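The residues making up each chain are set out below.
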Amino acid sequence: MPVTTSTGYFVGKHSGLTKKQAMFEYDKVAAAIVKYHEDFLPDFQTSSVAPAKVFELLGLNLVDWPGGGLSDETPWQYMEGEYMAEDEYDALIADPETYFRRSLLPRFGSAFEPLAGLPPFTDMVEATTMLFAILPFGDPKVVEGMERLAAAARECLSYLMATGAAGAEVAGRLGIPSSFAGIAKAPYEILADTLRGTKGIMIDRFRRPEKILEASERFVPIIIDWAVRQAERSSGPLLVFVLHKGADSFMSDADFKQFYWPTLKTVMKGLIEQGITPTMFAEGGYNKRLEVIADPELPVGSVLWLFDQTDMKAAKRALGGHSCIAGNVPTALLALSTVEEVEKYTKDLLDTCAKDGGFMLENGAVLDDAKAENLKAMIETGRNWRG
């Protein structure tokens, strides 16, 4: 049975890094990644948090971070808003890429603002039309914006080189492979998370339900293409979907079946056909969703569900023999309880879910804080368990 972990700031904390250092000091982060894997020896690699310097260079409005508008020990935060206006669905549906470049990205971050003035690339249909279409690239504001984007890209590369080298050492010296092929989102989630926001999408479900459905359908091939391109660059088998707004507390069963699941299932099927394993990180509780997600249209053994706060007995009943399940050791347990309590919880979880296979032991949410001895107790209990 695989035993692994999902981490965020805890990788840096285990080496004494502040949250700000975990997002800015790449060499220290790389060393912390190696130390984490040396000390805990999970079966698959885990990672630290994102590089805030890139966010800073992009002038992002979507997030705030320690060392930005937050204290050095405050975790990064999403700054939710209605970045897409209610009356812009048609523009998004007609041409998502142009809408993102001209309208959405400039609202996301100041470095993207000059992109709004660029003409559609379809203007460049022959040599003579290119003479006029390329003129905006000489605009000083566009040049400045491109230089900012290039600086952000170079910073991102520095982060990836440092953490990638750490991952290569972990794989080569410790024999711990990466399982990560990339990340994607549910079609509805793109609208509900970043474009319309929680309030906006809830209103739209009453005022513009047909536009939500049409936009979600429009995103299906875009997400599949995005995911496949990531998987082609990676040796890992698992393509992770972080599911936020599909939890029991965010929408009714009827809305889940109408707005959320159909297009997500279509994306999942498209990836499975490409040999990619969708890994569905179901944040919150999915107790009311279990019968729906045990969908017979998804091939047996093709999906991994990582649960956060879902009843694992119910999950095993619904998905056993159909999909692999993982989770759900709570963060609070790892951060606040005793070793004995962690061992008991983990053993009970394994006795419930792992006796006939199809289970991976993992903590239920991205780990920022824990007692090291508790995390080791979870891992070692999993290693030593014999069902």
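Now for a description of the structure that goes with this document.

### Considerations on the overall build of the protein
So, step 1. Summing up its helical and strand segments, the protein has 17 helices and 8 strands in all.
So, step 2. In terms of overall size, the protein behaves like a compact globule, its C-alpha atoms giving a radius of gyration of 22 Å where 387 residues would be expected to give roughly 21 Å.
So, step 3. Each of the three principal axes of the protein carries a C-alpha extent, and together these read 70 × 45 × 35 Å.
So, step 4. Per-residue burial for the protein yields a buried fraction of 50% across its 387 residues.
So, step 5. Taken as a whole, the protein presents about 17800 Å² of accessible surface, with 56% of it coming from carbon and sulfur.
So, step 6. On the protein, the mean spot of the 39 positive side-chain charges and the mean spot of the 54 negative ones are 2 Å from each other.

### Structural notes on a negative patch on the surface
So, step 1. Residues Glu-340, Glu-341, Glu-343 and Glu-380 make up a contiguous surface patch of negative charge.
So, step 2. With respect to the helices and strands, the residue Glu-340 is situated in helix H16 (residues 339-353).
So, step 3. Looking at Glu-340, the relative accessible area reads 55%, which means it is exposed.

### Quick look at helix H17 (residues 372-384)
Side chains three or four residues apart in an α-helix point the same way, a direct result of the helix having 3.6 residues per turn.
So, step 1. Under the 1.5 Å per step criterion, the end-to-end length of H17 is 18 Å for 13 residues, consistent within 8% with the ideal 18 Å.
So, step 2. Of all the positions in H17, only Asn-374, Leu-375, Ala-377, Met-378, Ile-379, Thr-381 and Gly-382 are classed as buried.
So, step 3. Looking at the buried positions of H17, the neighbouring elements they touch are helix H1 (10-13), helix H3 (26-40), strand E7 (324-329), helix H15 (331-336), H16 and strand E8 (359-363).

### What about H3?
So, step 1. For H3, with 15 residues, the first-to-last C-alpha span of 21 Å sits near the 21 Å given by 1.5 Å per residue.
So, step 2. Every buried residue of H3 is accounted for by Tyr-26, Val-29, Ala-30, Ala-32, Ile-33, Val-34, Tyr-36, His-37 and Phe-40.
So, step 3. Looking at the buried positions of H3, the neighbouring elements they touch are H1, helix H2 (19-24), helix H4 (52-58), helix H8 (140-174) and H17.
So, step 4. Positive phi appears at Leu-41, one or two residues downstream of H3, with a value of about 50 degrees.

### Observations regarding the packing of aromatic side chains
So, step 1. Counted under the stated rule, the structure contains 16 aromatic pairs.
So, step 2. Ring centres of Phe-55 and Trp-65 lie 5.9 Å apart, and the angle between their planes is 50 degrees; on these two criteria the pair is classed as tilted. Within this pair, whereas Phe-55 is found in helix H4, its partner Trp-65 is found in the loop between strand E1 (63-64) and strand E2 (77-78), the two being separated by 10 residues in sequence.
So, step 3. Plain terms: the ring middles of Phe-256 and Tyr-286 are 6.2 Å apart, the flat faces sit at 90 degrees to each other, and that makes the pair edge-to-face. Note that Phe-256 is positioned in helix H12 (residues 253-273) and Tyr-286 in the loop between strand E5 (277-282) and helix H13 (290-293), a separation of 30 residues in sequence. Exposure class is identical for Phe-256 and Tyr-286. Each is buried.
So, step 4. Taken together through their ring pairs, the aromatic side chains of Tyr-188, Phe-256, Tyr-260, Trp-261, Tyr-286, Trp-305 and Phe-307 make up a single cluster.
So, step 5. The positively charged end of Lys-19 is found above the aromatic ring belonging to Tyr-9, 5.5 Å away from the centroid.
So, step 6. Taking NZ or CZ as reference, Arg-101 lies 5.8 Å from the ring centre of Phe-121, over its face.

### Points about the environment of Phe-241
So, step 1. Inspection of the secondary structure assignment puts Phe-241 in strand E4 (residues 238-243).
So, step 2. Put simply, Phe-241 and Thr-346 are 105 residues apart on the chain and 25 Å apart in space, counted from C-alpha to C-alpha.
So, step 3. Setting aside its immediate chain neighbours within four residues, Phe-241 contacts Ala-184, Lys-185, Ala-186, Ile-223, Leu-264, Val-267, Leu-271, Pro-278, Thr-279, Met-280 and Phe-281.

### Topic: a nonpolar patch on the surface
So, step 1. Taken together, the side chains of Phe-121, Met-130, Ile-134, Phe-137 and Met-146 present a nonpolar region at the surface, about 440 Å² in accessible area.
So, step 2. Along the chain, the position of Met-130 falls in helix H7 (residues 127-133).

### Details of the pattern of salt bridges
So, step 1. Scanning the entire structure with this criterion turns up 28 salt bridges.
So, step 2. The partner of Arg-289 in a salt bridge is Asp-253, with the nearest N and O atoms 2.8 Å apart. Of this pair, Arg-289 sits in the loop between E5 and H13 while Asp-253 is found in helix H12, placing the two residues 36 residues apart along the sequence.
So, step 3. Residue classification places Asp-253 among the partly exposed residues on the basis of a relative accessible area of 35%.
So, step 4. A salt bridge links Asp-295 to Lys-265, with the shortest nitrogen-to-oxygen separation between them at 3.1 Å. Separated by 30 residues along the polypeptide, Asp-295 in the loop between H13 and strand E6 (304-307) and Lys-265 in helix H12 bring together distant segments of the chain. Just as Asp-295 is buried, Lys-265 falls in that class too.
So, step 5. One salt-bridge network, in which partners are shared between bridges, spans Glu-80, Lys-185, Asp-193 and Lys-245.

### Remarks on the side chain of Asp-204
So, step 1. Structurally, the position occupied by Asp-204 is in helix H10 (residues 197-207).
So, step 2. A relative accessible area of 0% means that Asp-204 is categorised as buried.
So, step 3. Here Arg-196 takes part through its side chain, which lies 2.6 Å from a polar atom of the side chain of Asp-204.

### Describing the nonpolar core
So, step 1. One finds Phe-241, Trp-305 and Phe-307 to be the most contacted residues of the largest nonpolar core, which totals 110 residues.
So, step 2. Not counting residues within four places of it along the chain, the set of residues in contact with Trp-305 comprises Leu-243, Trp-261, Met-268, Met-280, Ala-282, Tyr-286, Ile-293, Leu-319, Ser-323, Cys-324, Ile-325 and Ala-326.
So, step 3. One finds Val-240, Leu-304, Leu-306 and Met-360 within the second-largest nonpolar core, a separate group that totals 8 residues.

So, how was this worked out
- Residues numbered from 1 in each chain as written.
- Predicted model: local features only at pLDDT ≥ 70, side-chain atom pairs only at ≥ 80, totals over all residues.
- Heavy atoms only, no water.
- Helix = DSSP H or I, 4+ residues; strand = E, 2+ residues; numbered from the N terminus.
- Rg over C-alpha atoms; globule rule 2.2 N^0.38 Å.
- Buried < 20%, exposed > 50% of the residue type's maximum accessible area, 1.4 Å probe, protein only.
- Areas by Shrake-Rupley, 256 points an atom, 1.4 Å probe, with all protein chains shown as cover.
- Lys, Arg positive; Asp, Glu negative; His and termini not counted.
- Charge placed at Lys NZ, Arg CZ, Asp CG, Glu CD.
- Patch = residues over 30% accessible without salt bridge, like charges linked within 9 Å, V, L, I, M, F, W, Y side chains within 5 Å.
- Salt bridge = Lys/Arg side-chain N within 4 Å of Asp/Glu carboxyl O.
- Expected span 1.5 Å × (residues − 1).
- Contact = heavy atoms within 4.5 Å.
- Phe/Tyr/Trp six-rings, centres within 6.5 Å; stacked < 30°, edge-to-face > 60°.
- Lys NZ or Arg CZ within 6 Å of the ring centre and 35° of its normal.
- Polar contact = N/O pair within 3.5 Å; in protein donor to acceptor, adjacent residues only side chain to side chain.
- Core = buried A, V, L, I, M, F, W, Y, C linked by side-chain atoms within 4.5 Å.

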